[in-house]
Amino acid sequence: MKTLVLVEHDGRAVRDATLSAVTAASRLGEVDLLVAGRGIEGVAQAAAKIAGVSTVFAADAESLAHQLPEALAPLVVALMATHDAFLAPATSEGRNVAPRVAALLDVAQISDVLSVEGERRFTRPIYAGAAVALVESADPKIVVTVRGTAFAKASREGGAGRIEPVEAAAAPAAPLSSFVSQALSDSSRPELTSAKVVVTGGRALGSAERFREVLEPLADRLKAAVGASRAAVDAGYAPNDYQVGQTGKVVAPEVYLAIGVSGAIQHLAGMKDSKVIVAINTDEEAPIFQIADIGLVADLFEAVPELTRKL
């Protein structure tokens, strides 16, 4: 089985989520990669070095400069003529592209895959992660999104893939979408989905100012990424890209600190695979304590600053 993996990148480097997708793809058969964008020569060369990669298809075009899913999907479909499966990381980018590819191919999509059980058999979470389903595809082509925390990362070195340029489809006269602007947060902290330590705040922090005042000094001491519950994001305490949970990012760091987070099931679905979970909450009945390895029933506005000072 030949697989095609979408490479997520920022124009400079391959993101970690791609490496997990490569590991999943290698369990299906031969692995090819697709690098799309503008000025992506360096990314394509880095992708070719990933262990286990056969061919890197490099699509360099102005229409792909912002990697809009409406532009990427037709390119993927064209390459699927010679591939049996398409895999993308289960990130916001992958979740944007994969359904469009599946629709154009007229096949079902299997999302958030946790393991590869055979050429056409996979496991995926259901009921917000409360259960795991074994699913099998009967479609001629397979479209899958891969949960990065469930697979080891492929090595960035050791591969000797060849780079093959491909042409992007011509931009339609009346495009379905267009790039308007992009607002990126500039931070020296590690990326949320690949950080070894994550400090997450919930609605109990009360305001955006307190969210920053309480959590950021602790995160700086621990060299940690900062996350937020959906309730905190909806309340405006933190930006959308901080959200951890079923409708946000899925993380599995070595240490996860849940501060003022009640532990709603949709949040647990995004972090319960963390190696060590530490919870601080005033409510001793909060669901987060049911999965926490270390729990502290205390006022976070007193406990967190004291913890920061003692580190």
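Everything in this summary refers to the structure shown in the same document. (Residues numbered from 1 in each chain as written. Predicted model: local features only at pLDDT ≥ 70, side-chain atom pairs only at ≥ 80, totals over all residues. Heavy atoms only, no water.)

## Some details on the nonpolar core
How we decide: Only buried residues count toward a nonpolar core, which is a set of Ala, Val, Leu, Ile, Met, Phe, Trp, Tyr and Cys residues joined through side-chain atoms within 4.5 Å. Think of it in three bands: residues with accessible area under 20% of the maximum for their type are buried, residues over 50% are exposed, and the middle band is partly exposed, with areas taken using a 1.4 Å probe on protein chains only. Helix and strand definitions follow DSSP, with helices as H or I runs of at least four residues and strands as E runs of at least two, each counted in order from the N terminus. Contact criterion: two residues are considered in contact whenever any of their non-hydrogen atoms come within 4.5 Å of each other.
Formed by 32 residues in total, the largest nonpolar core has its most connected members in Val-5, Leu-33, Ile-50, Val-56, Leu-87, Phe-122 and Val-144. Tallying contributions element by element places helix H1 (residues 16-26) first for this core, with 5 residues. Among all residues touching Leu-33, those that are not within four sequence positions of it are Leu-4, Val-5, Val-7, Val-22, Ala-47, Ile-50, Val-53, Thr-55, Val-56 and Phe-57. Within the second largest apolar cluster, 24 residues are counted, among which are Val-214, Val-226, Ala-228 and Val-233.

## Observations regarding the sheet that holds strand S15 (residues 294-297)
Rules: At least two DSSP bridges between two strands are needed for those strands to be called paired. Whenever a helix is involved, its axis is fitted only over the stretch in contact; in every case the axis is a line through C-alpha atoms, and angles between N-to-C directions fall within 0 to 180 degrees.
Here 5 strands make up an open sheet; going across it, the order is S12-S11-S13-S14-S15 and the pairing parallel. The sheet is open, and its two edges are formed by strand S12 (225-228) and S15, each paired on a single side. Ignoring which end each strand starts from, the neighbouring axes of this sheet average 15° apart. By the bridge criterion, 5 bridges tie strand S13 (residues 255-259) to strand S14 (residues 276-281) in an arrangement that is parallel. By the bridge assignment for S14, Leu-257 is matched with Val-278. With respect to the sheet, helix H5 (residues 208-222) is in contact with strand S11 (197-201), S12 and S13, its orientation differing from that of S11 by roughly 175°.

## Here's the deal with helix H8 (residues 300-310)
Here is the rule we go by: In this description, the arc belongs to the directions extending from the helix axis to the C-beta atoms.
By the burial criterion, the buried members of H8 are Leu-300, Ala-303, Val-304 and Thr-308. Looking straight down H8, one finds its buried side chains confined to an arc of 130°; they lie on one side. The exposed residues of H8 that point more than 90 degrees off its buried face are Glu-302, Arg-309 and Lys-310. Against H5, S13, S14 and S15 lie the buried residues of H8.

## Considering the sheet that holds strand S7 (residues 121-126)
The sheet built from 3 strands is open, its strands ordered S6-S7-S8 with antiparallel pairing. In the strand order of this sheet, the two ends are held by strand S6 (115-116) and strand S8 (131-136), each with one partner. In this sheet, S8 lies alongside S7 in antiparallel orientation, the contact comprising 6 bridges. Bridging from a neighbouring strand, Phe-122 pairs with Val-135 of S8.

## What about unusual backbone geometry?
Here Asp-106, not a glycine, exhibits a phi torsion of approximately 60°, which is positive. Note that Asp-106 resides in the loop between helix H4 (92-105) and strand S5 (109-113). Classification of Asp-106 by relative accessible area gives exposed; the value is 69%. Residues other than glycine seldom take positive phi values, yet Lys-223 does so here, at roughly 55°.

## Quick word on the packing of H5 against H8
Going by this rule: Here roughly perpendicular refers to angles of 65 to 115 degrees, roughly parallel to angles under 35, roughly antiparallel to angles over 145, and oblique to all remaining angles. In this scheme the crossing of two helices becomes right-handed for a clockwise turn of the near helix relative to the far one and left-handed for an anticlockwise turn of less than a right angle. Side-chain classes are defined by residue name, with Ala, Val, Leu, Ile, Met, Phe, Trp, Tyr, Cys and Pro counting as nonpolar, Asp, Glu, Lys and Arg as charged, and the others, Gly among them, as polar.
At a minimum axis distance of 9 Å, the contact between H5 and H8 shows a crossing angle of 30°. As summarised for this structure, H5 and H8 are arranged roughly parallel, according to the angle between their axes. Our pair here, H5 against H8, has a crossing hand that is left-handed. Counted together, Arg-210, Val-214, Pro-217, Leu-218 and Arg-221 of H5 and Leu-300, Phe-301, Val-304, Leu-307, Thr-308 and Arg-309 of H8 form the full contact between these two elements. In terms of residue class, the contact of H5 with H8 is made up of 7 nonpolar, 1 polar and 3 charged.

## A short note on the pattern of salt bridges
Heads up, the rule is: Here, a salt bridge means any Lys or Arg side-chain nitrogen found within 4 Å of an Asp or Glu carboxyl oxygen.
With the rule as written, the count across this model stands at 15 salt bridges. Across the salt bridge formed by Lys-2 and Asp-32, the nearest N and O atoms sit 3.7 Å from each other. Here the residue Lys-2 occupies a position in strand S1 (residues 2-6), and Asp-32 occupies one in strand S2 (residues 30-37), the gap between them amounting to 30 residues. Assessed through its relative accessible area of 28%, Lys-2 is described here as partly exposed. With a relative accessible area of 1%, Asp-32 lands in the buried category.

## Focus on the environment of Thr-23
This is how the line gets drawn: Polar contacts, as counted here, are pairs of nitrogen or oxygen atoms within 3.5 Å of one another; within protein the pair requires one atom able to donate a hydrogen and one able to accept it, and residues that are adjacent in sequence qualify only if both atoms are side-chain atoms.
The topology assignment puts Thr-23 in helix H1. Relative accessible area serves as the criterion here: at 13%, Thr-23 is assigned to the buried category. Sequence separation between Thr-23 and Phe-151 is 128 residues; the distance between their C-alpha atoms is 6.6 Å. Here Ala-154 takes part through its backbone nitrogen, which lies 3.3 Å from a polar atom of the side chain of Thr-23.

## Quick word on the packing of helix H3 (residues 69-79) against H4
Interhelical geometry of H3 versus H4 gives an angle of 50° and a closest axis separation of 9 Å. Here H3 is positioned oblique relative to H4, judged by the angle of their axes. Relative to H4, the crossing made by H3 is right-handed. Contact with H3, carried on its side by Pro-69, Glu-70, Leu-72, Ala-73, Pro-74, Val-76 and Val-77, involves Asn-96, Val-97, Arg-100, Val-101, Leu-104 and Leu-105 of H4 and no other residues of that element.

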